[in-house]
Amino acid sequence: MTDDDAGQMIFESAQPLDPLADSEQSNVKNRAKVGSARPSSLLYTYGVGSIMDLPQFSIMPAGLDDWEPIWRRRPTVPTIEEPRLLKVVQLHLGSRVQQLRPFPWQPKARAMSQEGSDLGIPARVFPQWLRCTGCDYLGPLSRFSYTNTHPFRPDLATFEHVSCPGRTFAGAAKGKAKAPAKGKARRSPAVPARYLLACANGHLDEFPYALWVHRGRTCLAAPHPDLKLRDSNIGQGAGAVITCERCQQRRGMGEAQGEAGKRKLPTCRGRHPHLNAFDPKCGLDTSLMMMGASNLWFASTQSIVVMPRTEEEDQAALATKLRVHLTPEKIDRYRTKPDMLRDLLEDKCDLFGVTDEELTAAADEALAPPPSEEERQEKLRQWDPVELLVPEWNYLQKPSLFAQQQNASGLMVTEMPTAADLPKQVHRVIAVNRMKKVNAVIGFTRIDEMDRVNDLASRLVKLTRDGRPTWVPATEDRGEGVFLQLDENAVTSWEAQILPTALWRAHRESHRHNFSRRFSATAAQVDPDTRFPAPRYWLIHTLAHVLIREMAMSCGYGAASLSERLYAWTATPDRPAAAGLLICTTASDSEGTLGGLVALSQPERLHGLLLDALRRAARCSSDPVCGQRTPRHGEDFLHGAACHCCCFASETSCERANRFLDRRFLLTLPTIDDERVPGFFGTIDVH
C-alpha cells in the first residue's frame, strides 16, 4: 500500500492490547506492524470485527476500547465535526457518543521518515488455530513461532511450525516422514484453519476441532492430542478431514454442513473475538462458516454529503465541543461567564467568530438532559434513512443559494444549462464542483445484513465491551459529481402507468417471496411491502447504473470509483417527492479529485453521454433472455431486465447490491408478452 493508507495494522494476542509497546519490550525483531489498508476498506470491507487476510495469516481489527492506548500517544485527538451525522449515530448507539474520529494515522513527510510510526489500528490474530503447510499439523497459536524481522516488509510476517517433520512419502514405510536437511531444523509456514462457527447474534468462534473429531468427548489416549487437517478435495467446500494422531479417530468436515450438520454443532457460547470477551448468555444455534464467506461480516454505516450548516446545527456542534472538553460541573459553573469558558477552551478548540450569546446558548444545550432510552428507541423505530437525504435534496432545490459559495462545508455546486435536444424528462443538471462526504461506522452484523433484520439496533454487534461507545470511526471523503433531476410531473405520470402492470405485480410478489425466505428469523415481523421501493426508485437506480458505465469511458475514473446517491421517494406529509440522482467520485486519502467527472455536466457532453447510455441500455448481449426476464411464481430474484452485460455495477458503486434494476422501466423494450411496459424515456434508436 501507499503512504496514503489510513493506518498500519498491528496485532497482539494478550490483554491489555497495546501492540507497539509490547513488541518493543519483548523482541525488537518481532515487529508489530503487519500490514496497512485504505480508509474506505477499513470502513466497508475490513472494519472492526471483520477478518482481514494478510499474505501469511489473518487478523481481526480490535474493538474501540483497544484503540484508546493508541490515541493516548497524542496530546489531542482529532475529530470530524458533522452534527447532522453525529445526531444519527447517537440515535442508533445512544447519547454517550460525542465524537466522530478519523483512523489513527499520520502522513509521512518522506517515504522513509518515521512520522506516525507509533500510530496504527490494533488487531488480533484470528483464527487462532493454524495448520502447518509442511505436515498438516493443526494446533493453537501458541504452538507456532511468530517471525517479523524486516523493518520495511510487514508482508513477510509469518507464523512457522518449528521442527516440522514433513509429510509421509507415498509408498514409503508407514510412519516414515521426510527428514529435514542435515543440521537444519525444518520451519514450515502455517496458514489459518478456515472453519469457524457463527450465530445470528453476531458471535464468532473457533471451530472445536478436538471435540469434533472425538464426537464431543475427550481423547482417551492423551488430554491434548495432536490433530491433523487434510484436504481431500481442495476448493469444494468443507471437504477436509480431521485426524487425531493419538487415537487415530477421523471425522470429515462435510458432516457439519447443511441442516443435518447444524444439529451436530455446539450452541453458541457468546464469543466476540474483536473484544476478547464473551457475552454471558446466547445459546443460539451455530452455523459452520468458512473464512472469506461473504456473510461473515456486514458493515453498518451512515453517510451524508456535507451541506452548509443551519444555526441550529452550529449550536449543536458547539454544545458537543463543550461536553467533550469540559465536565458538566464546569459548564454549569461558567455558563453565564463566556469569558471564562473561552479561557478554558482556548487550547482545546477554535472559538473564532463565536459570540458570547452563542456560547451561552451552547452551554445551556450542553447541560440539557439527553432523551431517555425509551424516547430514543421510539425515535429509532420511526426513523427513516431517507431523512439523511432530505436536507441534501432541499438544498439542491434552491439555486439562489448556489451563488453563496463561501461556506465551510466544502460544497460548491453550479447550475448548468441544458442542451436544447436533451430529453425533456431531465429537468435540471447541477455540476458538483467540490463536495465532502462523511461516513461513520455504527456497528456490523453477521449472517444477515441490516435490511434483513428490520434495521434492529439490537442486532448490531457492539464495538466496545460495555456496548456504549463514546466515539465511532469515521472518514471524510472529498470529490466531485454530477446531479440530474428528473421532471416530477413526468415521473408521477409514468408511475401511474407502471403500478397496474403485470411486470410490477411480478416484482412485488418476488420481493415478498424473497423477504419471507431470507428475512432473519431473529428479527421482528415486518410487512415486506414497506421495504419495497416505488417504481421511481427502480427507474432512477437503473438510470444511475447505465450512466456510471457510460461515464467511466470518458471521465478518467474507473467504473468502480464512481458511486451513486439516489433521491427517489414519493411525497409524504413531512417531505415533498424527489426524483434525482448524484453520480460522484470521492477519495479519503487526498485533497480532492481532478475534475474529469464534473466536466461531463457541460451541456454538449452530457447530451451525447446520456443518449449513448440509453442506446447501450436498449440492447444487451444477453437479449432476449435479459430483456424479457420476469420473476415467475416461486422465484425471488430482485431484478428484471438487468445483468452483468448491461446494468450491474461493482459493489463499491451500487448502494443496493444490484437489486431493484430493470431496463424496461427506463426504455420501452420489445416483448413477446401481450403487455408492453412503457419506458420512462420511450423508445431509443439503437442504430
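Cut-off values and rules
- Residues numbered from 1 in each chain as written.
- Predicted model: local features only at pLDDT ≥ 70, side-chain atom pairs only at ≥ 80, totals over all residues.
- Heavy atoms only, no water.
- Axes fitted to C-alpha atoms, helices over the stretch in contact; angles between N-to-C directions.
- Helix = DSSP H or I, 4+ residues; strand = E, 2+ residues; numbered from the N terminus.
- Left-handed = near helix turned anticlockwise from the far one by under 90°.
- Contact = heavy atoms within 4.5 Å.
- Nonpolar A, V, L, I, M, F, W, Y, C, P; charged D, E, K, R; others polar.
- Core = buried A, V, L, I, M, F, W, Y, C linked by side-chain atoms within 4.5 Å.
- Buried < 20%, exposed > 50% of the residue type's maximum accessible area, 1.4 Å probe, protein only.
- Pairing = 2+ DSSP bridges.

**Notes on the packing of helix α13 (residues 488-498) against helix α15 (residues 535-551)**
Geometrically, a packed helix pair is captured by the angle between its two axes and the distance between the axes.
Piece 1. Where α13 meets α15, the closest approach of the two axes is 9 Å, and the angle between their N-to-C directions is 115°. Considering the relative orientation of α13 and α15, their crossing is right-handed. Packed against α13, whose contacting residues are Glu488, Val491, Thr492, Trp494, Glu495 and Ile498, the element α15 presents Pro535, Arg536 and Leu539 at the interface.
Piece 2. Looking at the contact of α13 with α15 residue by residue, the class counts come to five nonpolar, one polar and three charged.

**A short note on the nonpolar core**
Piece 1. Counting 60 residues, the largest nonpolar core has Leu486, Leu543, Leu581 and Leu666 as its most contacted members.
Piece 2. The greatest single-element share of this core, amounting to ten residues, is contributed by α15.
Piece 3. Apart from residues lying up to four places away in sequence, Leu581 is in contact with Val482, Phe483, Leu484, Ile540, Leu543, Ala544, Leu547, Arg565, Leu566 and Tyr567.

**Section: the sheet that holds strand β19 (residues 287-290)**
Piece 1. In spatial order, the strands read β13-β12-β19; together these three strands make up an open sheet with antiparallel pairing. Bordering the open sheet on either side are β13 (204-206) and β19, each of which pairs with just one other strand. Adjacent strand axes in the sheet meet at a mean angle of 40° when their direction is disregarded.
Piece 2. In this sheet, β19 lies alongside strand β12 (residues 195-198) in antiparallel orientation, the contact comprising four bridges. Paired with Leu196 across the bridge in β19 is Met289.

**Some points on the environment of His161**
Piece 1. Mapping His161 onto the fold places it in strand β10 (residues 158-162).
Piece 2. Put simply, His161 and Arg186 are 25 residues apart on the chain and 8.1 Å apart in space, counted from C-alpha to C-alpha.
Piece 3. Excluding anything up to four places from it in sequence, His161 contacts Cys132, Cys135, Tyr137, Arg143, Phe144, Arg186, Arg187 and Ser188.

**Points about the sheet that holds strand β7 (residues 129-132)**
Piece 1. Taking strand neighbours across the sheet as the criterion, the eight strands line up as β9-β10-β11-β7-β8-β14-β15-β16 in an open arrangement whose pairing is antiparallel. The open sheet has two free edges, formed respectively by β9 (145-147) and β16 (250-252), since each of these has just one partner strand. Each adjacent strand pair in this sheet contributes to an overall mean axis angle of 35°, direction not counted.
Piece 2. Pairing geometry for β10 and strand β11 (residues 187-192), over three bridges, is antiparallel. For His161, the partnering residue across the bridge sits in β11 and is Ser188.

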